[in-house]
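# Inside the fold
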Amino acid sequence: MKSLIRKAVLATTFMAIAPVLAFAADPSEPVQERYAVSGNVAIWGQYVTPASYGNQEEYDDDYDYYVCDGSGNFCDESGGIGGDARIHFALGNGQAIQLEALGDWHRVFDRDDSGQDATLATAGGHWIYRTGAMALGAFGGLTYADHISEPADSYSAQAFGGIEAAAFLGNATLFGQLGYGSGFKGDDIFEEITFGRVGARYFVTENDRLEGWVGYGYSDKPEEGDDGRLNWVQLAANYERQISTTPLSAFIGYQGDYVKRQETNGWDDSEHTWAHTFKLGARWSFGGSLQHEDREGARTFDFMNLRAPLSYADDLE
């Protein structure tokens, strides 16, 4: 029942932005893209630190906070790299297909290097329809995640899909996504997750891009055969600037992930952590300015980064 309520909340949140998107739309004028093919490739370095670790026992009304817990989980800062790539094909009459890949890796948080590193690999695509000042889309793909807990061969593979929408209001873009993922292979499979986000972009100039979003995810099956449930909140902000008239741009960004796992096997214990990620990277684009890519190319929609819930959940128990 609680799972259905949370899924309904996510769906309601997404639908709440629909009136704004519909107001911005002009269904009589499908977009005619200026570029038949556009795309971009990015790489970044990242510093990741778990700011706090906490757990709560059934008979304790307060959380106990630690820099890390006694087993060494979430004890140390970490470094890593990430990258993404997208290619966008305009099909005419406002329709387009976009293919996308995302990779994210950082070293394990444990000071004794036990367990394994956090790794996420995602690949899939989007179908997009643009009309007037609005874009609608559907996305889907596959994702692989290593769990940072021991044993070292613990991982999950999932299939995911969902819907998305964006509204273009002057120099601003509003966007939202709602998705669902289901595990189909792995050791300690992360069985399912429902997730969504709402966000905004603002272009100071056509080559200066500000972006931020808030996302939420829920699972009542974070591990195969387990009665636990998981809540996840993601906050993110990025600034990107294209270098003069070149295809290169540089960006800085922040991604904060709060993950809480609660056992429902009669003990009702819970553990949680905040993971703060700071990014610095570069992107090479073809097919116009940053703002043009947002409105007609491969930056209208992208995949949500699911690294934190999929990789960390197995260590929060």
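The present account deals with the structure reproduced in this document. All figures in this text were calculated on a predicted structure; none of them were measured in a lab.

## Considerations on the overall build of the protein chain
Helix and strand counts for the protein chain stand at 4 helices and 14 strands. The burial tally for the protein chain puts 52% of its 317 residues in the buried class. Of the contacts made within the protein chain by residues no fewer than 6 positions apart, 67% connect residues no fewer than 24 positions apart.

## Let's talk about the pattern of salt bridges
Applying the stated criterion across every chain, the model contains 13 salt bridges. The closest approach of N and O atoms between Arg197 and Asp302, which form a salt bridge, is 2.5 Å. Here Asp302 lies in the loop between helix H3 (290–296) and helix H4 (307–312) and Arg197 lies in strand S10 (residues 192–205), a separation of 105 residues in the sequence. Measuring nitrogen to oxygen at the nearest pair gives 2.7 Å for the salt bridge that ties Arg201 to Asp294. With Arg201 in strand S10 and Asp294 in helix H3, the pair connects residues that are 93 residues apart, well separated along the chain. The class of Arg201 is buried, set by a relative accessible area of 2%. Exposure remark for Asp294: the relative accessible area of 0% places this residue in the buried category. Several salt bridges share partner residues, and in doing so they unite Asp84, Arg86, Glu100, Arg197, Glu240, Arg283, Arg299 and Asp302 into one network.

## Quick look at the side chain of His147
One can find His147 in the loop between strand S7 (134–146) and strand S8 (155–169). Here His147 falls in the buried class, since its relative accessible area comes to 2%. A distance of 2.9 Å separates a polar atom in the side chain of His147 from a polar atom in the side chain of Ser156. In this structure, His147 is in contact with Gln116, Ser154, Tyr155, Ser156, Asp187, Asp188, Leu310, Ser311 and Asp314, ignoring residues within four places of it in sequence.

## Topic: the nonpolar core
The nonpolar side chains of a soluble globular protein tend to be buried, and buried together. Formed by 28 residues in total, the largest nonpolar core has its most connected members in Phe195, Trp232, Val259 and Tyr312. Elements with a contribution of two residues or more to this core: strand S2 (37–56), strand S6 (118–132), S7, S10, strand S12 (229–242), strand S13 (248–262) and H4. Ranked by size, the runner-up nonpolar core spans 9 residues in total, among them Ala96, Ile128, Ala135 and Trp213.

Cut-offs and rules
- Residues numbered from 1 in each chain as written.
- Predicted model: local features only at pLDDT ≥ 70, side-chain atom pairs only at ≥ 80, totals over all residues.
- Heavy atoms only, no water.
- Helix = DSSP H or I, 4+ residues; strand = E, 2+ residues; numbered from the N terminus.
- Buried < 20%, exposed > 50% of the residue type's maximum accessible area, 1.4 Å probe, protein only.
- Contact = heavy atoms within 4.5 Å.
- Salt bridge = Lys/Arg side-chain N within 4 Å of Asp/Glu carboxyl O.
- Polar contact = N/O pair within 3.5 Å; in protein donor to acceptor, adjacent residues only side chain to side chain.
- Core = buried A, V, L, I, M, F, W, Y, C linked by side-chain atoms within 4.5 Å.

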